Amino acid sequence: MAIKQVIKYNSNNKYFVGFLQSMINESKVVGSVSQSNGSIVLRLEDEDTKALEEFSILSSKYLPHSLFLGEIQTIKVDTHSVESQITSPSYNISACPKCLELLTDPSSSNYLNDFIKCNHYSNEINQDYIDDKYYSPHYSHGSDLLVADSTKINKLFIMTDDEIKALLSIEKPTLKVTIKDETLKELTGKKFINIKSPHSIKSNLVALNARESEIEYLFFEHSDDLKVIVVQKNTTIIRDVRAVSNQLQNLDSDGVVNRFLNISQEAGFEKGSMAANLSTRNGISFIVSNQAGAKKVINFQEFKAKDVLELMRSDENKSKLLSNFTKKYPSIMRELSDNNDYNLFETISAILELEDKSFESVSDKSLEFHGNGGLKIDTNFSDDGFDYVSFIGSIMSFKLAGTDEHYLAYSIFEALGDMAITTLSQLKAKFKIENFVMMGDMFENSVIYSRILSKFQLAKPYFSKGFALND
């Protein structure tokens, strides 16, 4: 008899199956492990109870959690295992639990050894991954936070269990979380902050030294090496510089269309699909794939603050709005006039009078609103494409009416989500396609993400489990 486990694993990377192979070898249990088609299959003979128990001890103590882990099914089978010998490439993942034990145990020969390299996932080559970050107890504007003491997570932040599991996974991603600790709020001047747990040997040693000095966290320069968001039960990769997620096949010369085709393939959409790509880096676009091929059928034109303001001045109704807005908020209009190359979210930041002019700044402001139902922001289209004039004019109108900035920011993201749903529904009617892919780094904002999940639920929008949503 043998024990068979089928582990859902949403990535083609080999390090997790490599950890299992290493534990099979170390425990000397008769068994095998294989990986294909989004699953890992583990078979272990149960005749040698001592070896099986040793494997169980090793896996309980040293097998890390992964962002890509899904459901695990365990059954008894009659077939015997065929022994495997899996090898894995090297990946830029965290030091594993066994390495951390060797690094922090004073009796270990590798105690505080900053040259230690993980070879516990059957990796062929120990490649060097340099951590060039500078970690400091002093906060600088825009810094991310390194959690030096993981036992203090619930004291410092408001996080779900799934967010904590993601934070402490072997991939060690960056997550945007709500600050709970009043001292940290005062120190940073923030309510939300990007955090990660120690990823490299260097950051683990720095964190160890901080803990010994009773320092709970450190700061380092902002980095998007692996950005993840957890919404409800969905763990989604926004960006991945470290190449731990699935790597794109070359299916199209256009980068956005290529990502869409790869995600559609992952989802098993064989009879056509369409996507909403909401990206701060690549713009907003809608893509359709059918028997005729794949292409962007709607592509938002570039936003230029100068052009939008000029169009507002030339419109009878919008010019009155602009005049009234200028009288009440002359400093905002001066800023927009002096910075006429502002992009969309820089312009919105200026209108909302936010200190930082960025997508992230508007996104953070939207997270401060905890009610239900936003304002009706205009997200219509004109003959020239998306009607930026009405969109910005709508935001200015609500600002003039004294709307709280956090409610207005929330409404903007909710409106963009509704616009995506409406547009996809219209494209569905035109192209007779019912498979929907969601892409782009704007889904880093949980307001848009949650709006899509709740209002578009019956359409079953697909968020990739193995690919990053943006380059």
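See the structure printed just above.
This structure is a prediction, so every number in the text was calculated from the model and none was measured.

1. Looking at the nonpolar core
Move 1: Judged by nonpolar contacts, the single largest core of 69 residues is most densely connected at Ile-348, Phe-391, Ile-392 and Met-396.
Move 2: The greatest single-element share of this core, amounting to twelve residues, is contributed by helix α15 (residues 405-431).
Move 3: If sequence neighbours within four positions are ignored, Ile-392 has contacts with Phe-303, Val-308, Met-312, Leu-344, Thr-347, Ile-348 and Ile-351.

2. Concerning the sheet that holds strand β14 (residues 293-299)
Move 1: Spatial strand order, β14-β13-β12-β17-β18: five strands in an open sheet with mixed pairing. Only two strands of the sheet have a single partner each, and these edge strands are β14 and β18 (462-463).
Move 2: Bridge count between strand β13 (residues 283-290) and β14: six bridges; the pairing is antiparallel. Among the inter-strand pairings, Val-288 is bridged to a residue of β14, identified as Lys-295.

3. Topic: the environment of Asp-254
Move 1: Tracing the backbone shows Asp-254 in the loop between β11 (234-240) and α8 (255-267).
Move 2: Taking the C-alpha atoms as reference points, Asp-254 and Lys-295, separated by 41 residues in sequence, lie 9.0 Å from one another.

4. A word on the environment of Gly-466
Move 1: Looking at the element boundaries, Gly-466 is found in the segment after β18.
Move 2: Judged by relative accessible area, which is 0%, Gly-466 ranks as buried.
Move 3: Along the backbone, Gly-466 and Phe-68 are 398 residues apart, and their C-alpha atoms lie at a distance of 7.2 Å.
Move 4: Beyond its immediate chain neighbours, meaning those up to four positions away, Gly-466 contacts Asn-10, Phe-68, Ser-245, Asn-246 and Glu-266.

5. Considerations on unusual backbone geometry
Move 1: For Ser-122, which is not a glycine, the phi torsion comes out positive at approximately 60°.
Move 2: Tracing the backbone through its elements, the reader meets Ser-122 in the loop between α3 (97-104) and β5 (144-147).
Move 3: Even without glycine at this site, Glu-214 takes up a positive phi of about 60°.
Move 4: Relative to the assigned elements, Glu-214 resides in the loop between α7 (201-212) and β9 (217-220).

6. Comments concerning the pairing of β11
Move 1: Taking burial as the measure, the seven residues of β11 include five buried ones, the bulk of the element.
Move 2: Two elements, strand β10 (residues 226-231) and β11, share six bridges in a ladder whose sense is antiparallel. For Leu-226, the partnering residue across the bridge sits in β11 and is Asp-240.
Move 3: Taken together, β10 and the strand that follows it, β11, pair antiparallel across an intervening segment of two residues, in which Gln-232 is found at a positive phi of about 55°.

7. Observations concerning the pattern of salt bridges
Move 1: What the rule picks out here adds up to 24 salt bridges.
Move 2: Measuring nitrogen to oxygen at the nearest pair gives 3.2 Å for the salt bridge that ties Lys-152 to Asp-149.
Move 3: Looking at Asp-149, the relative accessible area reads 14%, which means it is buried.
Move 4: The salt bridge involving Glu-353 is made with Lys-399; its shortest N-O contact spans 2.7 Å. In this pair, Glu-353 is assigned in the loop between α12 (344-351) and α13 (359-366) and Lys-399 in helix α14 (residues 388-400), connecting sequence segments 46 residues apart.
Move 5: Residue Glu-353 is classed as partly exposed on the basis of its relative accessible area of 45%.
Move 6: A residue is classified by how much of its surface remains accessible, and Lys-399, at 2% relative accessible area, is buried.
Move 7: Three or more residues are tied together by salt bridges with common partners; here these are Lys-227, Arg-239, Arg-281, Asp-441 and Glu-444.

8. Comments concerning the packing of aromatic side chains
Move 1: Counted by the stated rule, this structure contains 25 aromatic pairs.
Move 2: The ring of Tyr-62 carries the charged tip of Lys-98 above its face, separated from the ring centre by 4.8 Å.

9. Notes on α13
Move 1: By the criterion of burial, α13 is predominantly enclosed, with six of the eight residues buried.
Move 2: Buried residues along α13 sit against β7 (175-179), β8 (192-196), α12, α15 and α16 (446-455).

10. With respect to the sheet that holds strand β4 (residues 69-77)
Move 1: Sheet architecture is open: four strands sit in the order β2-β3-β1-β4, paired in antiparallel fashion. Strands at the two margins of the open sheet, each flanked by one partner only, are β2 (31-36) and β4. With strand direction ignored, the average angle separating the axes of adjacent strands in the sheet is 15°.
Move 2: Taken together, the seven bridges between strand β1 (residues 2-9) and β4 define a ladder with antiparallel strand orientation.

11. Description of the pairing of β8
Move 1: Extensive coverage of β8 is indicated by the burial of five of its five residues.
Move 2: The alternating pattern of β8 places Phe-192, Asn-194 and Lys-196 and Ile-193 and Ile-195 on opposite faces, both of which are buried.
Move 3: Pairing between β5 and β8: two bridges, direction parallel. Along β8, the bridge assignment pairs Leu-146 with Lys-196.
Move 4: As paired strands, β7 and β8 are joined by four bridges and run antiparallel to one another. Bridge assignment links Lys-176 to a residue of β8, and that residue is Asn-194.

Reading the values: the criteria
Per chain, residue numbering runs from 1 following the sequence as it is written. With pLDDT at 70 or above as the cut-off, local features in this predicted model cover only qualifying residues; side-chain atom pairs require 80 or more to be listed or tallied, and sums for whole chains, interfaces and linings still use all residues. In computing side-chain properties, one takes all heavy atoms of the structure into account and sets aside hydrogens as well as water. We define the nonpolar core as a collection of buried residues of types Ala, Val, Leu, Ile, Met, Phe, Trp, Tyr and Cys that are connected through side-chain atoms lying within 4.5 Å of one another. Note on classification: 1.4 Å probe, protein chains only; a residue is buried when its accessible area is under 20% of the maximum for its type, exposed when over 50%, partly exposed between these limits. Secondary structure elements follow DSSP: runs of H or I no shorter than four residues count as helices, runs of E no shorter than two count as strands, and numbering proceeds from the N terminus. By the convention used here, residues are in contact when the closest approach between their heavy atoms is within 4.5 Å. Criterion used throughout: strands pair if DSSP finds at least two bridges between them. Definition used for salt bridges: Asp or Glu carboxyl oxygen within 4 Å of a side-chain nitrogen of Lys or Arg. Geometry of aromatic contacts follows a simple scheme: Phe, Tyr and Trp rings, the Trp one being its six-membered ring, pair when their centres are within 6.5 Å, and the pair is stacked under 30 degrees between planes, edge-to-face over 60, tilted otherwise. Charge over a ring is defined by NZ of Lys or CZ of Arg lying within 6 Å of the ring centre and within 35 degrees of the ring normal. Axis geometry follows a simple rule: fit a line to the C-alpha atoms, using only the stretch in contact for helices, then measure angles between N-to-C directions, giving values from 0 to 180 degrees.

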